[in-house]
Amino acid sequence: MEAAKLLKKLDKEDFRILMAIEIGMKRSEYVSVNNIKFYSRYPREETLFRLKKVHKNDLIIRNTSEHEISYTLNSIGYDLLALHALVEKNLISQLGPIIGKGKESDVYSCMDDNENIFALKIYRMGRRSFKNIKKYRDLIGERGHFSWLYVNRLAAKKEFEALKKIYKLKLNTPKPIGYNRHIIVMEYLRGKELVYYRSIDKPEYIFNQIIDQMRIIYQEVNLVHGDLGEFNIVVDEVGNILIIDWLQWVHSGHPNANSLLKRDIENVCNYFKKKFKIKSNVNDILSKFYQK
Ligand SMILES: Nc1ncnc2c1ncn2[C@@H]1O[C@H](COP(=O)(O)OP(=O)(O)O)[C@@H](O)[C@H]1O
Ligand SMILES: [Mg+2]
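A. Region of the structure containing the environment of Ile76. Among the secondary structure elements, Ile76 is positioned in helix H5 (residues 75–88). We classify Ile76 as buried; its relative accessible area is 16%. Placed 75 residues apart in sequence, Ile76 and Met1 show a C-alpha to C-alpha distance of 9.5 Å.

B. Up close: the side chain of Asp264. Following the sequence through the fold, Asp264 ends up in helix H9 (residues 257–276). Buried within the structure, Asp264 lacks any salt-bridge partner; Arg263 is the closest side chain of opposite charge, at an N-O distance of 5.0 Å. Among the polar contacts listed, one links the side chain of Asp264 to the backbone nitrogen of Gly226, at a separation of 2.7 Å. With near-sequence residues (within four places) excluded, Asp264 lies in contact with Val224, His225, Gly226, Asp227 and Leu228.

C. Structural detail: the layout of surface pockets. What the largest pocket holds in volume is close to 910 Å³. Forming the walls of the largest pocket are 40 residues, and the residues nearest its centre are Ile99, Gly100, Val107, Glu193 and Ile244. The biggest single contributor to the lining of the largest pocket is strand E4 (residues 94–101), with six residues. In the lining of the largest pocket, the residues fall into 18 nonpolar, ten polar and twelve charged.

D. Quick peek at helix H7 (residues 148–167). With 20 residues, H7 should cover 28 Å at 1.5 Å per step; its first-to-last C-alpha distance of 28 Å lies within 8% of that length. Residue Ser147 occupies the N-cap position of H7, its side-chain oxygen lying 3.2 Å from the main-chain nitrogen of Leu149.

E. Molecular detail of the domain arrangement of the protein chain. Per the domain assignment, the segments of the protein chain are domain 1 (2–76), domain 2 (89–187) and domain 3 (192–289). Every contact between the two is made by eleven residues of domain 1 and, on the other side, eight residues of domain 2. Carbon and sulfur atoms supply 51% of the area that domain 1 and domain 2 bury against each other, a total of about 760 Å² over both sides. Sorting the residues of domain 1 by area buried against domain 2 places Glu22, Met25 and Ser75 first, and these three jointly supply 50% of that buried surface. Applying the counting rule to domain 1 against domain 2 returns one salt bridge. Ionic pairing is found between Glu22 and Arg181, a salt bridge with its closest N-O pair at 2.6 Å. Going through the elements one at a time, helix H2 (12–24) and strand E3 (70–73) are the ones with two or more residues in the side of domain 1 that touches domain 2. A class-by-class count of the residues in the side of domain 1 that touches domain 2 yields five nonpolar, three polar and three charged.

Procedures and definitions
Residues numbered from 1 in each chain as written. Chains lettered and ligands numbered in written order. Predicted model: local features only at pLDDT ≥ 70, side-chain atom pairs only at ≥ 80, totals over all residues. Heavy atoms only, no water. Helix = DSSP H or I, 4+ residues; strand = E, 2+ residues; numbered from the N terminus. Buried < 20%, exposed > 50% of the residue type's maximum accessible area, 1.4 Å probe, protein only. Lys, Arg positive; Asp, Glu negative; His and termini not counted. Salt bridge = Lys/Arg side-chain N within 4 Å of Asp/Glu carboxyl O. Polar contact = N/O pair within 3.5 Å; in protein donor to acceptor, adjacent residues only side chain to side chain. Contact = heavy atoms within 4.5 Å. 1 Å grid on protein atoms, 1.4 Å probe; cavity = no way out; pocket = protein on both sides within 12 Å on 5 of 7 lines; lining within 4 Å. Points joined across faces, edges and corners; volume = space filled by probe spheres on them. Nonpolar A, V, L, I, M, F, W, Y, C, P; charged D, E, K, R; others polar. Expected span 1.5 Å × (residues − 1). Domains from an automatic or database assignment. Buried area = accessible area lost by both parts, 1.4 Å probe.

Following this line, the structure appears as structure tokens:
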């Protein structure tokens with residue numbers, strides 16, 4: 001990954017310049033040199049020198065069409081800020097290979113100083129083409145302005161919050177390790193998504209585990225996954241599971257909670273029926289969710 005290599009090449013002054021641009025981007029996509037100077041509190045010389053360096057390393061985009069030159073972070077620049085912060089907090093020390101590419105994220109393995117391996121998820125929604133505007137609206141609400149930085153940061157925060165709530169229950173969901181900006185670090189299960197298994201041992205046991213855990217999560221912390229299915233369940237060689245991808249969760253009081261819950265359960269039931277011939281009744285299962 002490009003950002004990882006660059007981490008070592010940059011000085012703390014470079015990071016401060018990137019952060020100054022980040023602050024300016026709260027108000028407008030491009031930030032003028034004057035504002036960058038103001039937010040970094042560096043003299044003009046230092047500001048220009050650092051801008052030149054980070055621009056040369058392809059971390060920022062220059063706009064010369066206005067009378068004053070301005071800059072904006074590109075996604076590698078933003079990755080660097082988050083990775084740098086995670087390293088400074090001693091949460092990670094090395095980035096490993098990519099382990100998954102989702103619809104809206106890249107997932108890497110990473111390591112801390114004690115050689116614990118984690119999964120590191122980088123949100124990459126939107127940027128130029130906010131195609132699925134409704135989804136982003138759900139994240140930022142009506143007031144928000146449409147910065148890709150902001151959307152991805154909120155997404156990471158939202159998923160991390162869910163992981164924290166669920167982790168208390170000690171089920172098969174990733175232990176949250178830490179997050180910064182648009183990146184979350186969590187427990188890693190070395191395996192592959194359920195959908196890629198042609199057969200598994202004790203499919204009925206795994207099916208029941210998934211359903212039981214969803215019920216416990218619903219009843220104990222009032223959360224609905226919202227995007228459950230064979231793509232978001234990682235299974236390892238010995239049949240351990242990890243239920244991942246908690247971005248789209250809703251609270252059980254949310255107006256769509258019941259229909260999302262039903263869809264989640266249907267997805268799992270249908271998949272186990274089609275692939276492993278396991279019979280189940282969605283309504284019977286759901287009625288147990290609502291009974292306590
Ligand atoms: N904690 C994890 N452990 C192991 N693999 C993971 C983990 N989190 C994500 N992955 C891998 O990365 C892929 C994408 O992650 P996911 O959270 O589902 O993102 P998306 O929202 O983009 O689908 C997953 O399908 C899986 O292969
Ligand atoms: Mg997914």
